[in-house]
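The lines below spell out each chain.
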2 protein chains.
Amino acid sequence: MKALVYTGPEALEYRDVADPVASDGEVMVQVESVGICGSDMHAFLGHDERRPAPLILGHEVSGTLTSGPNSGQRVTVNPLVTCGHCKACVSGRDNLCPGRQIISMQPREGGFAELLAIPERNVVALPETVNSDQAALTEPIACGWHAVRIAKTQLQNSNDAQALVMGGGAIGLGAALSLRAQGVGDVLIIEPNAGRRTYLEETCGQKSCAPEALGNNQFFDIIVDGVGIEASRAQASAHATPGGVIVHIGLGSASGGLDVRRMTLQEIAFIGTYTYTAQDFRDTAHAMFDGRLGALNWTQDWPLEKGQAAFQAIRSSTVAAPKIILKPNI
Amino acid sequence: MKALVYTGPEALEYRDVADPVASDGEVMVQVESVGICGSDMHAFLGHDERRPAPLILGHEVSGTLTSGPNSGQRVTVNPLVTCGHCKACVSGRDNLCPGRQIISMQPREGGFAELLAIPERNVVALPETVNSDQAALTEPIACGWHAVRIAKTQLQNSNDAQALVMGGGAIGLGAALSLRAQGVGDVLIIEPNAGRRTYLEETCGQKSCAPEALGNNQFFDIIVDGVGIEASRAQASAHATPGGVIVHIGLGSASGGLDVRRMTLQEIAFIGTYTYTAQDFRDTAHAMFDGRLGALNWTQDWPLEKGQAAFQAIRSSTVAAPKIILKPNI
């Protein structure tokens, strides 16, 4: 098959590789759409020691089954593979399974390819009303869905909660859509890129502002940090309501930024969130199928073959759409 | 009356001051025991901008009512005065009341004195079986009680939880006792002072070790950080179980130390906790009255008059007892 292979810092090669082999319990997916995630960019830049070259990146996949009894079924793929029987898995926190694997990290190659082998339990069947680009958004939105669920649990009473989302990429926008779908209507996204802000407002119907435009006296019950750098954490801990919660999805930098003194005196919770449980993934997919996540028209397609150029376009901040989708078949 | 007045960095003067005046709804307490808290030490050293001199410090008070219909009743004093009608107060998070006051911070003088005026709703009547030194421990233990309650709520399932408490002073020991009283039996206290460790083990029946003795592969579902410095937060975030919770009571330093990357990848929650609600204070008092907090014999008495020497003894780390109590009447 053809695949886009990460061969070293800032280098992606579109080339022939061996077809994947489906193990017991796995199905083969013919990839139709696969999103580029911030973590793919991190790896592309050579900054992710968990993803050494050579490697097929990409974990936001939709496509069509080409094996098994449901061959021909269109699906979206949960890329997180867990054991199903450890303490974390049986208690419904399967995303914390110590044996968790994610495609695009060894031993599992990713989805920037024509074919992908994945456990059958990881696919969710698509209705005809959802196209493959929309379906590829299930994964990034599920990250926000999970974070919002955790924030609401922490807050206990989230009626009339005001929410702030930091970062207007797919993670942030997915969190904003998840907040509304889970009953939190008052959501502001902060995003430094002016073109992206216009896109968020005009195409996605979101309220947004630049980070520096946030007033000193604006406080939020729920803050979703989808950026995860010192500056975003500093701003989050300054703008959380007393008793509020910051859910932190971003992996931008490893430490620093939090005003721990204020968080202590005002009982602010900071909760790390990673991916989603299998149930969160299914819940996100069904919210999408029911139209509760909006039009999901905020993608831009590129041929998989042009993957290197797509990564460079994202780096140059010239892309307003929150999600670039690579497609093997265009 | 006589009072111990903080007059500037490292200076306490035992001198005559005007008697306090009880306002409407307030009662007068003749102070019998008043503990020295880490925050009193912080102020004594001139490091707390919220407590400028001259000021009567001290907020861990027990005594006897000398006014009102219950005059003669022995009581323990909740030093946190809240409005009772704001959103935080009516939702049971009265410790987050924006108008909260605490004695030993203006406009309320503290308890290092013969007399204290306090709202009647802030006193809890003592049974005869509890002495005034034990009663003065209600306040520091209530801080741990509250933090443990928050940690258990966050963890949802705390059956068989393993807990680590950082710091073997009154806050840490109070948290360890609260953990047991709230059903978490497996508790380890880390404490750098060897004399304090021996005291914790021999007098208080606690398990303890030095911070550097903690093994790399020891993980805890609940961590109570009663120290609150970079080093303790670094250790807490390294030793929390995936999905675990750190409750942070300490105000040692304002930022730094947390391994945010690990907290994100392993969904570790960090929750600031400040004091206690009025209900937590009463629950702690009743746990004490019922004997669920142990013998509470880990205090050492000093005359209030010798307050300056008592502060210096704590600073020199020559005191093994986790709590020094000042007494106006010895």
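Residues numbered from 1 in each chain as written. Chains lettered and ligands numbered in written order. Predicted model: local features only at pLDDT ≥ 70, side-chain atom pairs only at ≥ 80, totals over all residues. Heavy atoms only, no water.

(A) Quick look at the overall build of chain A. Across its full length, chain A holds ten helices and 18 strands. Against the compact-globule benchmark of 20 Å for 330 residues, chain A has a radius of gyration of 19 Å, which places it among compact chains. Referenced to the eigenvectors of the C-alpha coordinate spread, the extents of chain A come out at roughly 55 × 45 × 40 Å. Relative to its full complement of 330 residues, chain A shows a buried share of 58%. Across chain A, contacts joining residues at least 24 apart in sequence account for 69% of those joining residues at least 6 apart. Total accessible area computed for chain A in this model is approximately 12300 Å², and 49% of it derives from carbon and sulfur atoms. On chain A, the mean spot of the 25 positive side-chain charges and the mean spot of the 34 negative ones are 4 Å from each other. (Helix = DSSP H or I, 4+ residues; strand = E, 2+ residues; numbered from the N terminus. Rg over C-alpha atoms; globule rule 2.2 N^0.38 Å. Buried < 20%, exposed > 50% of the residue type's maximum accessible area, 1.4 Å probe, protein only. Contact = heavy atoms within 4.5 Å. Areas by Shrake-Rupley, 256 points an atom, 1.4 Å probe, with all protein chains shown as cover. Lys, Arg positive; Asp, Glu negative; His and termini not counted. Charge placed at Lys NZ, Arg CZ, Asp CG, Glu CD.)

(B) Looking closely at the packing of aromatic side chains. In total, this model carries six aromatic pairs over all chains according to the counting rule given. Ring geometry for F112(B) versus F311(B): centroids 6.1 Å apart, planes at 85°, classification edge-to-face. Residue F112(B) is located in the loop between strand 8 (101-102) and strand 9 (115-119), and its partner F311(B) is located in helix 10 (residues 307-315); the two are separated by 199 residues in the primary sequence. Comparing F112(B) with F311(B), the two get one shared label, buried. Here the aromatic cluster, defined as three or more aromatic residues joined through ring pairs, consists of F44(A), F112(A) and F311(A). (Phe/Tyr/Trp six-rings, centres within 6.5 Å; stacked < 30°, edge-to-face > 60°.)

(C) Expanded view of the domain arrangement of chain A. Residues and elements named next belong to chain A. The domain boundaries assigned to chain A delineate domain 1 (2-137 + 296-327) and domain 2 (141-272). If you average the C-alpha positions of domain 1 and of domain 2, the two centres end up 26 Å apart. Taken together, the contact pairs twelve residues of domain 1 with 14 residues of domain 2. Taking both sides of the interface into account, the surface hidden between domain 1 and domain 2 amounts to around 1000 Å²; carbon and sulfur atoms contribute 58%. Looking only at domain 1, the three residues that lose the most surface to domain 2 are W298, A320 and P322, adding up to 47% of its buried area. (Domains from an automatic or database assignment. Buried area = accessible area lost by both parts, 1.4 Å probe.)

(D) Expanded view of the sheet that holds strand 1 (residues 2-8) of chain A. All names here are of chain A. Spatial strand order, 2-1-4: three strands in an open sheet with antiparallel pairing. At either end of the open sheet lies a strand with only one pairing partner, and these are strand 2 (11-16) and strand 4 (55-56). Here strand 1 pairs with strand 4 via two bridges, running antiparallel. Looking at strand 4, one finds that Y6 is bridged to L55. Running over the sheet, helix 10 (residues 307-315) touches strand 1 and strand 2 and is turned about 160° from strand 2. (Pairing = 2+ DSSP bridges. Axes fitted to C-alpha atoms, helices over the stretch in contact; angles between N-to-C directions.)

(E) Summary view of the relation of the copies chain B and chain A. When chain B is fitted onto chain A, the two copies agree to an RMSD of 0.0 Å after a turn of 180° and an axial shift of 0.0 Å. The superposition operator between the copies reduces to a two-fold rotation axis. Residue by residue, 100% of the interface of chain B is reproduced at the interface of chain A, so both copies engage with the same surface. (Least-squares fit on C-alpha atoms with pLDDT ≥ 70 in both.)

(F) Focus on the pattern of salt bridges. Enumeration over the complete set of coordinates arrives at 24 salt bridges over all chains. The network of salt bridges with common partners includes D48(A), R50(A) and R51(A). (Salt bridge = Lys/Arg side-chain N within 4 Å of Asp/Glu carboxyl O.)

(G) Looking closely at the nonpolar core. Ranked by internal contacts, the top residues of the largest apolar core, which has 178 residues, are F112(A), I222(A), W298(A), F112(B), I222(B) and W298(B). Other than its neighbours up to four places away in sequence, W298(B) contacts L137(B), I141(B), A170(B), L173(B), L177(B), Y199(B), C204(B), A321(B), P322(B) and K323(B). Ranked by size, the runner-up nonpolar core spans 32 residues in total, among them L258(A), V260(A), C209(B) and L214(B). (Core = buried A, V, L, I, M, F, W, Y, C linked by side-chain atoms within 4.5 Å.)

(H) Just the sheet that holds strand 4 (residues 55-56) of chain B, in detail. Residues and elements named next belong to chain B. If you trace the three strands from one edge of the open sheet to the other, you get 2-1-4, paired in antiparallel fashion. Looking along the sheet, the strands with just one partner apiece sit at the ends: strand 2 (11-16) and strand 4. Contacts between helix 10 and the sheet are confined to strand 1 (2-8) and strand 2, with strand 2 contributing the most and set at about 160° to the helix.

(I) The packing of helix 4 (residues 138-155) of chain A against helix 9 (residues 278-289) of chain A, seen in detail. All names here are of chain A. In contact at an axis separation of 9 Å, helix 4 and helix 9 are set at 110° when each is read in the N-to-C sense. Accordingly, the angle class assigned to the pair helix 4 and helix 9 is roughly perpendicular. Read as a crossing pair, helix 4 and helix 9 show a hand that is right-handed. On helix 9, the residues touching T138, E139, I141, A142, W145, H146 and R149 of helix 4 are D280, F281, D283, T284, A285, A287 and M288. Taken together, the residues that form the contact of helix 4 with helix 9 break down as seven nonpolar, three polar and four charged. (Parallel < 35°, antiparallel > 145°, perpendicular 65-115°, else oblique. Left-handed = near helix turned anticlockwise from the far one by under 90°. Nonpolar A, V, L, I, M, F, W, Y, C, P; charged D, E, K, R; others polar.)

(J) Just the environment of A151(B), in detail. Residues and elements named next belong to chain B. Tracing the backbone shows A151 in helix 4 (residues 138-155). Sequence separation between A151 and A269 is 118 residues, and the spatial gap between their C-alpha atoms is 9.1 Å. Setting aside chain neighbours within four positions, we find A151 in contact with I222, V245 and V247.

(K) Geometry of the state of the cysteines. Residues and elements named next belong to chain A. This structure, assessed with the given rule, holds zero disulfides over all chains. No disulfide involves C37; its sulfur sits 7.1 Å from the nearest other cysteine sulfur, which is in C143. C83 provides the cysteine sulfur closest to C97, a residue in no disulfide bond, and the two sulfurs are 3.7 Å apart. Using a relative accessible area of 2% as the deciding quantity, one classes C97 as buried. (Disulfide = S-S within 2.5 Å.)

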